[in-house]
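Topology and contacts: notes
Residue strings, one per chain:
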Amino acid sequence: MSFAPSTRKGPVGVAVIGAGNISKQYLENLTVFPDLKVLVIADLFVEAAEARAKEYGIPEFGAPELALNHPDVEIIVNLTIPAAHVEVATAAVNAGKHVWTEKPFSLDRESGLGLLKAADAAGIRLGTAPDTFLGAGLQTARRIIERGDIGTPLTGMTTFQTPGPESWHPNPAFLFQHGAGPLFDMGPYYLTALIQTFGSIRKVAAVGSSAKATRVIGSGPKAGEEFAVEVPTHVSAMAQFEGGQSSHSVFSFESPRLRMGFVEITGSEATLSLPDPNYFDGELKLWRPGAEEPEIIPATGPANGRGLGVLDMARALRAGTPHRATGDLAYHVLDSMVSIAESVESGSFVDVISNAPASAAVPEDWAPETATL
Ligand SMILES: NC(=O)c1ccc[n+]([C@@H]2O[C@H](COP(=O)([O-])OP(=O)(O)OC[C@H]3O[C@@H](n4cnc5c(N)ncnc54)[C@H](O)[C@@H]3O)[C@@H](O)[C@H]2O)c1
């Protein structure tokens, strides 16, 4: 899809819908990037929006309609729960607003494809989390790999294992429902990192299980409440990519031993340990044959945090150029995760049909804090 430069000038007007847990991390950045102007924060619970508006000096707060109908809002940042992502994003498309939406892109292929088509028909941009791959950590890995330091990239290995988020998240039930679980909640970070390295996934195979039928909220006002576990909480998945490369990934909410952010890419000459793909920064380790210790490589480039993708989309909007974290990329990640879930059910390999578009590298001197519009 190609876009003309926008006719508006100056900083891009933004509204956030969804004033929950993660809105804080976004607003820390969105409210300080000079190329963005956060005009509205909205939520079904207006009190939640009001609290964030006061905390971050956002001029207007209210119900989602306020954001959707605001004449100066050009991008809606959709930070609602997974089950509401497509509904809120579609409402934004229908209101003529560009949309940044949190992961997962959708709960199923049908609604995700419907959103892609609606946005395409309306000439609306879709941007989607994760934007962590635009950060210093994964962009430094990209430069190392593209420079040929590990030779030809061949295989990947990722691990995310924790006891589960119900100990710290005050409203964790949605993380154990359709569209979440460790695969759909954390998979986007790990699969996006693999897809950025190897290209599109062509087929997957996986096994999965759930150790407990219910869990208990561990913090906040609802602590002690029991809720149902509706999805596998341990998934072990293999993927094969378009160039024949392969990967193996574990996504688990069942491990007392924490092992998060493990991503290794092995090439014909060396192995590269990447930083945690859920973060924007971190150091890299390059393991060469015969070396007892790895070479430590610090990440370089911008590492501001969540919101970088919104800024990239806003600048691209003004310039009429492609943005990097696209709906098509997120749809391919979603399609791959749905295929993994189907493989858990069927016990068979599942072909992945969609494609991941390539996205341009982030320049090392990209400056989010500089006013450019
Ligand atoms: N919490 C994290 O650490 C984290 C990290 C990265 C990404 N995310 C993603 O961010 C999204 C939000 O997660 P969270 O932890 O902030 O959840 P949350 O439950 O804390 O907040 C979600 C907010 O969205 C509001 N909401 C729900 N449906 C709505 C609708 N239809 N219209 C308007 N508002 C609506 C809720 O009232 C709530 O205030 C999820 O997709 C999650 O996967 C969360």
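Provided above is the structure to which this section pertains.
Residues numbered from 1 in each chain as written. Predicted model: local features only at pLDDT ≥ 70, side-chain atom pairs only at ≥ 80, totals over all residues. Heavy atoms only, no water.

Quick word on the pattern of salt bridges
Basically, it comes down to this: Salt bridges, as used here, are contacts in which a Lys or Arg side-chain nitrogen is within 4 Å of a carboxyl oxygen on Asp or Glu. We call a residue buried when its accessible area falls under 20% of the maximum for its residue type, exposed when it is over 50%, and partly exposed in between, using a 1.4 Å probe and counting protein chains only.
In the structure shown here, the tally under the stated rule is 14 salt bridges. Taking the shortest distance from any N to any O, the salt bridge between Glu 295 and Arg 288 comes out at 2.8 Å. Overall, the relative accessible area of 37% leaves Glu 295 in the partly exposed class. One network of salt bridges, with partners in common, ties together Lys 24, Arg 52 and Glu 55.

Let's talk about empty space enclosed by the protein
Here is the rule: Here the term cavity refers to a set of points on a 1 Å grid, laid over the protein atoms alone, in which a 1.4 Å probe fits but cannot get out; the term pocket refers to an open set having protein on both sides within 12 Å along at least five of seven lines, with lining residues being those that place an atom within 4 Å of a point. Grid points are joined across faces, edges and corners, and a volume is the space filled by probe spheres set on the points. Helix and strand definitions follow DSSP, with helices as H or I runs of at least four residues and strands as E runs of at least two, each counted in order from the N terminus. The classification used treats Ala, Val, Leu, Ile, Met, Phe, Trp, Tyr, Cys and Pro as nonpolar, Asp, Glu, Lys and Arg as charged, and all other residues, Gly among them, as polar. Segmentation into domains, and thus their bounds, comes from an automatic or database assignment.
Evaluated as defined, the whole model comprises two cavities of 30 Å³ or more. Considering only enclosed or pocket space, the largest cavity measures out at about 90 Å³ in volume. Lining the largest cavity we find 16 residues, and of these Thr 128, Ala 129, Pro 130, Ala 330 and Val 333 sit closest to its centre. Going through the elements one at a time, α7 (181-198) and α9 (327-346) are the ones with two or more residues in the lining of the largest cavity. Along the lines of polarity and charge, the residues of the lining of the largest cavity split into 12 nonpolar, three polar and one charged. Both domains that meet at the lining of the largest cavity, namely domain 1 (12-132 + 306-325) and domain 2 (133-297), each give it at least three residues. When its volume is computed, the second largest cavity comes out at roughly 30 Å³. Surrounding the second largest cavity, Leu 191, Leu 194, Ala 237, Met 238, Ala 239, Ser 247, Ser 249 and Ile 340 form its lining. Mapped onto the lining of the second largest cavity, the elements with two or more residues apiece are α7, β11 (234-241) and β12 (246-252). It is β11 that contributes the most residues to the lining of the second largest cavity, three residues altogether. A class-by-class count of the residues in the lining of the second largest cavity yields six nonpolar, two polar and no charged.

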